[in-house]
Amino acid sequence: TSLRALGGLALEVGDAEGAAGFYQRLTVLAPADVDALQKLGVAQGLAGRSAEAVETLRQALALAPDDHRVRELVRLLEGGARPAASREPNLPPAP
């Protein structure tokens, strides 16, 4: 969708708050979209909103409990790390 593309572009230019806004709108339209929730969580984390990011990522994890990317992001954010500044976090492959 165009909101997803705009969120990705915002992240590419370093506008985490702008990206979070686009992804937030996307999750309102598609609340079960795990990818949108994951990207929203990353944008929130990059914007320094770690607690909100963890909450968002837990929503994604509830919808996709086997998604290793989301599980790893939650673990990293709970440990005080910030997600990678890219559209797809640099995470290890699934076991």
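Before going into details, it helps to say that this report is about the structure given with it. (Residues numbered from 1 in each chain as written. Predicted model: local features only at pLDDT ≥ 70, side-chain atom pairs only at ≥ 80, totals over all residues. Heavy atoms only, no water.)

Concerning the packing of helix 4 (residues 50-63) against helix 5 (residues 68-78)
Then, number 1: Where helix 4 contacts helix 5, the two axes come as close as 9 Å, and the packing angle between them is 155°. Classified by the interaxial angle, the pair formed by helix 4 and helix 5 is roughly antiparallel. Classified by chirality, the crossing of helix 5 by helix 4 is left-handed. Between helix 4, through Ser50, Ala53, Val54, Leu57, Arg58, Ala60 and Leu61, and helix 5, the contact on the second element is made entirely by Val70, Arg71, Leu73, Val74, Leu77 and Glu78.
Then, number 2: Partitioned by chemical class, the residues of the contact of helix 4 with helix 5 number nine nonpolar, one polar and three charged. (Axes fitted to C-alpha atoms, helices over the stretch in contact; angles between N-to-C directions. Helix = DSSP H or I, 4+ residues; strand = E, 2+ residues; numbered from the N terminus. Parallel < 35°, antiparallel > 145°, perpendicular 65-115°, else oblique. Left-handed = near helix turned anticlockwise from the far one by under 90°. Contact = heavy atoms within 4.5 Å. Nonpolar A, V, L, I, M, F, W, Y, C, P; charged D, E, K, R; others polar.)

A closer look at the nonpolar core
Then, number 1: Membership of the largest hydrophobic core comes to 22 residues, with the highest contact counts inside it found for Leu11, Ala19, Tyr23, Ala43 and Leu57.
Then, number 2: Of all elements in the fold, only helix 1 (2-12), helix 2 (16-29), helix 3 (34-46), helix 4 and helix 5 reach the threshold of two or more residues within this core.
Then, number 3: Ignoring sequence-local partners within four residues, the contact set of Tyr23 consists of Leu3, Arg4, Gly7, Gly8, Leu11, Ala36, Lys39, Leu40 and Ala43. (Core = buried A, V, L, I, M, F, W, Y, C linked by side-chain atoms within 4.5 Å. Buried < 20%, exposed > 50% of the residue type's maximum accessible area, 1.4 Å probe, protein only.)

Quick word on the packing of helix 3 against helix 4
Then, number 1: Where helix 3 contacts helix 4, the two axes come as close as 8 Å, and the packing angle between them is 165°. The angle between helix 3 and helix 4 places the two elements in the roughly antiparallel class. In terms of crossing hand, the pair formed by helix 3 and helix 4 is left-handed. Here helix 3 contributes Val34, Leu37, Gln38, Leu40, Gly41, Gln44 and Gly45 to the contact with helix 4, which in turn contributes Ser50, Glu52, Ala53, Thr56, Leu57, Gln59, Ala60 and Leu63.
Then, number 2: Broken down by class, the residue content of the contact of helix 3 with helix 4 amounts to seven nonpolar, seven polar and one charged.

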